Structures are given as structure tokens and as C-alpha cells.
Amino acid sequence: MRLSDLPFRVGTTSYIIPDDILPNARYLAGKVRDIQLVLFELDDQSNLPDKAAIDELNAIGRQNDLTYTVHLPLDLRLADKGEGTHISLVKARRVIESTLDLNPRAYVVHLEGKEERNVTDPAVLSRWREQAVQSLLAVSGYCGDIKRLAVENLENYPVDFNDAVIRQSGCSCCIDIGHLWLDGHDPIPYLKDRLDQAIIMHLHGIGKRDHQSLHLISEEKIDSLFRILLDNNYTGVLTLEIFSESDLTGSLKAVEGSLSRLRG
Ligand SMILES: [Zn+2]
């Protein structure tokens, strides 16, 4: 089975070769079916694509059956009272406005909750949830559709931390399988109740750290994941969230190996 025959799009990041986004897109065209743009914006440096770059990315996409997703640069949170708009929302707006013409399949979002993640006080948690929903609603105004926002599960957070916020806001989710493995969770039961909301999945191997080649994961674990995606006719994006040519080669080999075991 070839990647182009799958109901879902196997993609990777825009930082596989050590170069800008456009050279990466040219390099990845034909190898994957989606590219997650890794964007940053510092005081004196930014890689937000300009109009010419967007036009060329769109041309590469059209010619190669390639779509784009965008990872927002900062973990979202609302400003505390009286501070005006939090910098994470300001940056989210800039990134979304400069990439909307790419018609991205999703904007991947982290919710900032470091102080709240281990709290048991229901009042603190419900305030955090309310603020998280408000920040998602604000950002959905920038991209026009809350379903396009995909909230990602993060390592070292309780696995169900975002569930209520996703439900209440009506946004989508990005399930990071690598983060689940990293924290010792089995992704299969986790996926059961959440696959319907998932439009993006992140996949990476765990070696000395995460975000490494998928071939570091056992065949059995990879097969059980692909089986559930195929059985449930998952039609979103599966991003190999890695950052080098060798990790991409190893990961694609692991994906193809699994598909040939499952489908022949
Ligand atoms: Zn991820």
C-alpha cells in the first residue's frame, strides 16, 4: 500500500533539511502529503512567509497533492485582568493572518496550564477551563472556524487535561501519540473516545528524547496504531513530527513496513 492510497495524509514538518520553509517544501513535495509549518517570530528574526512565499507554497501544494498545517508558536493563554491582550494571542493572530491564504487544514494549539495542571481545587480548574475556552474563541475569530483549531495533548500534563475545554469550545484536537508513549500511556484506549474530534495526529519515536525516528518504536505498537486509524477510516493528517532527513527516512520506512504488514 502506498502513502497516497491511505485515507489520511502522512506529513512531516517544514524543518527536515536545515533551510527555510520553501526549500523544505520543494524537498518534501512527492515524499509526504502534508507539511506542518514550524513558525517562529523573535524580535529581530522571523520566518513568517510573505505573499510571494505563500503563492509558491500554494503552487507546490497544487502540483503535488500537498496540504499545509500550521503550528502556532506560543502556548495560548488569556492575559490576567487589566493586562490587555496576551502576547500569545497577538502572535497567534499574526501567524494566522499571514498563513490564511494557504488554506491550512488546521492550526495546532497548545494551551498553557503549567500552574494548573496538577491542581485539584475545582474552582481553580474551572477558572482555567473558562479562560482556555475564551482564548480559543478569540483565536477562532482570526481563522474563521473553531473546528480548524486543534488542541494538542502535551507531555507531563494529565492525559484528560484538555477534554472539557475541547468539548465546551467545540474545537478539534491534535493527538500527539509520541507524548502519550513518552508519559507511559497506551494510545489505543485514549484514541477510542477522541478520534472523532481529531484532525491532526503527531507521531514520533522516543530514543534519548522524543521527536526522533519512528523506527525506535516497536512494530507491534506502530501496527496497533495504524490498525485503529484504518479501521476507523481516519481522514485527517498524521504528521511525522521530526526534524531531520535521517529521522524522516527511518520514520517513513517504519510507516511503510507497518502498512505492508497490515495490508500487504
Ligand atoms: Zn506534537
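Below is a short write-up of the structure. As the structure is a prediction and not an experimental result, all values here were calculated from the model.

### Points about the packing of aromatic side chains
Next up, step 1: Taken as a whole, this structure holds four aromatic pairs when the rule is applied.
Next up, step 2: Both rings, one in phenylalanine 8 and one in tyrosine 234, keep their centres 5.9 Å apart while their planes meet at 45°; by these two values the pair is tilted. Of this pair, phenylalanine 8 sits in the segment before strand 1 (9–13) while tyrosine 234 sits in the loop between helix 8 (219–231) and strand 8 (237–240), and the two are 226 residues apart along the sequence. For the residue pair phenylalanine 8 and tyrosine 234, the accessibility class agrees, reading buried in each case.
Next up, step 3: Each member of the aromatic cluster is reached from another via a ring pair, and the members are Phe8, Phe226 and Tyr234.
Next up, step 4: Directly above the ring of tyrosine 190 sits arginine 194, whose terminal nitrogen or CZ lies 3.9 Å from the centroid.

### Describing the layout of surface pockets
Next up, step 1: Here the largest pocket defines a volume of roughly 260 Å³.
Next up, step 2: In terms of lining, the largest pocket is formed by 16 residues, of which the most central are Asp19, Asp20, Ile21, Leu22 and Asn47.
Next up, step 3: Every element with two or more residues in the lining of the largest pocket is listed here: helix 1 (21–28) and helix 2 (51–64).
Next up, step 4: Roughly 220 Å³ of volume is contained in the second largest pocket.
Next up, step 5: Forming the boundary of the second largest pocket are 17 residues, of which Asp163, Ile166, Cys173, Arg194 and Gln197 lie nearest the centre.
Next up, step 6: Looking at the lining of the second largest pocket, the elements with two or more residues in it are strand 5 (149–152), helix 5 (163–169) and strand 6 (172–176).
Next up, step 7: Of the residues contributing to the lining of the second largest pocket, the split by class is eight nonpolar, four polar and five charged.

### Concerning unusual backbone geometry
Next up, step 1: Of note in this structure, asparagine 103 is not a glycine but carries a positive phi near 50°.
Next up, step 2: By the element assignment, asparagine 103 lies in the loop between helix 3 (87–99) and strand 4 (107–109).
Next up, step 3: The phi dihedral of histidine 211 falls on the positive side, at around 60°, and the residue is not glycine.
Next up, step 4: Note on histidine 211: relative accessible area 17%, which makes it buried.

### Some thoughts on the coordination of the zinc ion
Next up, step 1: Within the first shell, the zinc ion binds the protein through Glu152 (OE), Asp176 (OD), His202 (ND1) and Glu241 (OE), at distances of 2.0 to 2.2 Å.
Next up, step 2: Given four donor atoms and angles of 85 to 172° at the metal, the environment of the zinc ion is assigned as irregular.
Next up, step 3: Counting residues between consecutive donors of the zinc ion along the chain gives the motif E-x23-D-x25-H-x38-E. Highlighted residues: aspartate 176 in strand 6 and glutamate 241 in the loop between strand 8 and helix 9 (245–263), separated in sequence by 65 residues.
Next up, step 4: For aspartate 176, a relative accessible area of 0% puts it in the buried group.

### Concerning helix 9
Next up, step 1: Across its 19 residues, helix 9 extends 26 Å between first and last C-alpha, which sits within 8% of the 27 Å expected from 1.5 Å per residue.
Next up, step 2: Residues Asp247, Leu248, Gly250, Ser251, Leu252, Ala254, Val255, Gly257, Ser258 and Leu259 constitute the buried set of helix 9.
Next up, step 3: Against the buried residues of helix 9 lie strand 1, helix 1, helix 8 and strand 8.

### Let's talk about the sheet that holds strand 4
Hydrogen bonding along the main chain pairs the strands of a sheet, whether they run parallel or antiparallel.
Next up, step 1: Read once around its circumference, the closed barrel built from eight strands follows the order 1-2-3-4-5-6-7-8, with strand pairing classed as parallel. Here the average twist between neighbouring strands, direction ignored, is 30°.
Next up, step 2: In terms of strand pairing, strand 6 meets strand 7 (residues 198–203) through four bridges, oriented parallel. The partner of aspartate 176 across the bridge, within strand 7, is histidine 202.

Rules and cut-offs
- Residues numbered from 1 in each chain as written.
- Predicted model: local features only at pLDDT ≥ 70, side-chain atom pairs only at ≥ 80, totals over all residues.
- Heavy atoms only, no water.
- Phe/Tyr/Trp six-rings, centres within 6.5 Å; stacked < 30°, edge-to-face > 60°.
- Helix = DSSP H or I, 4+ residues; strand = E, 2+ residues; numbered from the N terminus.
- Buried < 20%, exposed > 50% of the residue type's maximum accessible area, 1.4 Å probe, protein only.
- Lys NZ or Arg CZ within 6 Å of the ring centre and 35° of its normal.
- 1 Å grid on protein atoms, 1.4 Å probe; cavity = no way out; pocket = protein on both sides within 12 Å on 5 of 7 lines; lining within 4 Å.
- Points joined across faces, edges and corners; volume = space filled by probe spheres on them.
- Nonpolar A, V, L, I, M, F, W, Y, C, P; charged D, E, K, R; others polar.
- Donors = N, O, S within 2.8 Å, 3.2 Å for Na, K, Ca; no water.
- Tetrahedral: all angles 85-135°; square planar, octahedral: opposite > 155°, others 65-115°.
- Expected span 1.5 Å × (residues − 1).
- Contact = heavy atoms within 4.5 Å.
- Pairing = 2+ DSSP bridges.
- Axes fitted to C-alpha atoms, helices over the stretch in contact; angles between N-to-C directions.

Read these as spatial facts, not as claims about activity.
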